[in-house]
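Residue strings, one per chain:
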Amino acid sequence: MNSLTLPDIAAEALRDNVPLEWVGMQGIALPILLKGTALSAKADAGVSLDDGEARGIHMSRLYLALDALEQKELSPSLLRRVLSQFLDSHEGLSSCAYLNLHTELLLKRPALVSLLAGWKAYPVCISATLRRQMFHVELKLELPYSSTCPCSAALARQLIQQQFIDDFANQALQHADVLAWLGSSRGVVATPHSQRSTAQLHFHLDESIDELPLNALINAAEAALGTAVQTAVKRADEQAFALANGQNLMFCEDAARRLNLALRRIPGVNAFHLRVVHAESLHAHDAVAESQWQRESA
Ligand SMILES: Nc1nc2c(ncn2[C@@H]2O[C@H](COP(=O)(O)OP(=O)(O)OP(=O)(O)O)[C@@H](O)[C@H]2O)c(=O)[nH]1
């Protein structure tokens, strides 16, 4: 094309010495492999710029190092290799490397009663850091579930009792009359409120594990919560869901405690912080609880 050398502004030296904690790119589109399936992801890739007099880092070197992610199953060792590549390509400039991968895991979930099944998307963010030879992997997951307020269930039951007193006052009870009453709207004069809720889970993983325990964590969390939101639903499934909710009344505090006890048992988890958000239908604000396990030592 031409014989001129391309200007390299990033290589210029600055007069002021101001190191930077994080420099890189955000929202790079790329495929990653999870359980043999290619998923669409967005990566944030960065390094520290310790040399405060260097004008810039080499963005293209970080970008190209991400190539490794589309060929191999995502694992802590692969993440570490990519981060090492970030640092090797910035020798003398950087001592810390960072990578966040944002994606969505799709899992097929069966209906409660019918033979139907459907897909559920779980937002996932995997964050890896290599800071002066110290390697860390964190995993963030979000999952939706249904929660029914125990207090509102008790209040509704009391109203149903009151209605029963009013409707059957001074009468000899007949089985058929009570059965018909129970099947009428007078028999369910009040309903408890329930809400679509979200569990936001943030794990510190054991860096030596071979595989990210995504499915194990999601399954354990959903089992602990008991009323995960459904996918394909026929009336029989909806009825089973109503029963499951009625047997699974919970405040946000209950949800947080159940998750805490269940998730600490999953191999590969060193520590976690969790947050549950119950998007109340009673009012326009949310009920929220947080809990953590071994977070200080992580
Ligand atoms: N450092 C830096 N580079 C930027 C920024 N915005 C765009 N770039 C461009 O990113 C491109 C890639 O940078 P480098 O990796 O240094 O490219 P290069 O000098 O051809 O590659 P190397 O020879 O490996 O250093 C350059 O064209 C930069 O101008 C920015 O804010 N900071």
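Residues numbered from 1 in each chain as written. Predicted model: local features only at pLDDT ≥ 70, side-chain atom pairs only at ≥ 80, totals over all residues. Heavy atoms only, no water.

1. Some points on the overall build of the chain
Basically, it comes down to this: Under the scheme used here, helices are H or I runs from DSSP no shorter than 4 residues and strands are E runs no shorter than 2 residues, and both carry numbers assigned from the N terminus. Here the globule rule reads 2.2 Å times residues to the power 0.38, and the radius of gyration is calculated from C-alpha atoms. Burial classes follow relative accessibility: with a 1.4 Å probe on protein chains only, a residue under 20% of its type's maximum area counts as buried, one over 50% as exposed, and anything between as partly exposed. Residues count as neighbours in contact if any of their non-hydrogen atoms are within 4.5 Å of one another. Here the accessible surface of atoms and residues is derived via Shrake-Rupley with a 1.4 Å probe, and residues count as covered only by protein chains that are part of the display. Positive charges come from Lys and Arg, negative ones from Asp and Glu, while His and the chain ends are left out of the count. Positions of charges follow a simple convention, taking NZ of Lys, CZ of Arg, CG of Asp or CD of Glu.
The helix and strand tally for the chain stands at 7 helices and 8 strands. Relative to a compact globule of 298 residues, whose C-alpha radius of gyration would be 19 Å, the chain shows 27 Å and is clearly more extended. Its C-alpha atoms give the chain principal-axis dimensions of about 105 × 40 × 40 Å. A total of 298 residues make up the chain; the buried ones form 43% of that total. The long-range fraction of contacts in the chain, counting pairs at least 24 apart against all pairs at least 6 apart in sequence, stands at 68%. Total accessible area on the chain stands at roughly 16800 Å², and carbon and sulfur atoms take up 53% of it. Averaging the coordinates of the 25 positive side-chain charges in the chain and doing the same for the 32 negative ones gives two points 5 Å apart.

2. Comments concerning the sheet that holds strand E2 (residues 37-49)
Backbone hydrogen bonds hold the strands of a sheet together, and the pairing may be parallel or antiparallel. Applicable threshold: Here a strand pair is declared whenever DSSP counts at least two bridges between the two strands. Axes, fitted as lines to C-alpha atoms, cover a helix only where it is in contact. Angles between the N-to-C directions of the axes lie from 0 to 180 degrees.
What the 8 strands build is an open sheet, ordered E1-E2-E3-E4-E5-E6-E7-E8; its pairing is antiparallel. Two strands close off the open sheet at either side, each with one partner strand: strand E1 (20-34) and strand E8 (287-293). Taking the axes of each pair of neighbouring strands and ignoring which way they run, one obtains an average angle of 15 degrees across the sheet. Here E1 pairs with E2 via 11 bridges, running antiparallel.

3. Digging into the nonpolar core
Put simply, the rule is: Note on terminology: a nonpolar core comprises buried Ala, Val, Leu, Ile, Met, Phe, Trp, Tyr and Cys residues joined through side-chain atoms within 4.5 Å.
By size, the foremost hydrophobic cluster in this structure holds 69 residues, and its most contacted members are Phe86 and Leu99. Of the residues forming this core, the biggest block, 7 residues, is contributed by helix H5 (residues 214-225). Once residues lying within four places of it in the same chain are set aside, the contact partners of Phe86 are Ala45, Gly46, Val47, Leu62, Ala65, Leu66, Ala97, Tyr98 and Leu99.

4. Points about the environment of Val178
Secondary-structure assignment places Val178 in helix H4 (residues 175-182). Measuring from C-alpha to C-alpha, the distance between Val178 and Asp167 comes to 10.0 Å, with 11 residues separating the pair along the chain. Among residues more than four places away in sequence, those in contact with Val178 are Phe164, Phe168 and Leu173.

5. Here's the deal with the site of the ligand
Heads up, the condition is: The rule for a residue being near a molecule or strand is that one of its heavy atoms must lie within 4 Å of it. Polar contacts, as used here, are pairs of N or O atoms within 3.5 Å; protein pairs need one atom able to donate a hydrogen and one able to accept it. Residues neighboring in sequence count only if both atoms are side-chain atoms. Side-chain classes follow a simple rule in which Ala, Val, Leu, Ile, Met, Phe, Trp, Tyr, Cys and Pro form the nonpolar group, Asp, Glu, Lys and Arg form the charged group, and the remainder, Gly included, forms the polar group.
Around the ligand lies a shell formed by Asp8, Gly56, Ile57, His58, Met59, Ser60 and Arg61. Separating an oxygen atom of the ligand from a backbone N or O atom of Met59 is a distance of 3.4 Å. Isolated, the ligand exposes 650 Å² of accessible area, and the fraction of that covered by the protein chains is 41%. Each residue belonging to the shell around the ligand can be placed in one class, and the counts come to 2 nonpolar, 3 polar and 2 charged.

6. Re unusual backbone geometry
The phi dihedral of Gln133 falls on the positive side, at around 70 degrees, and the residue is not glycine. Checked against the element boundaries, Gln133 lands in the loop between strand E4 (117-131) and strand E5 (134-148).

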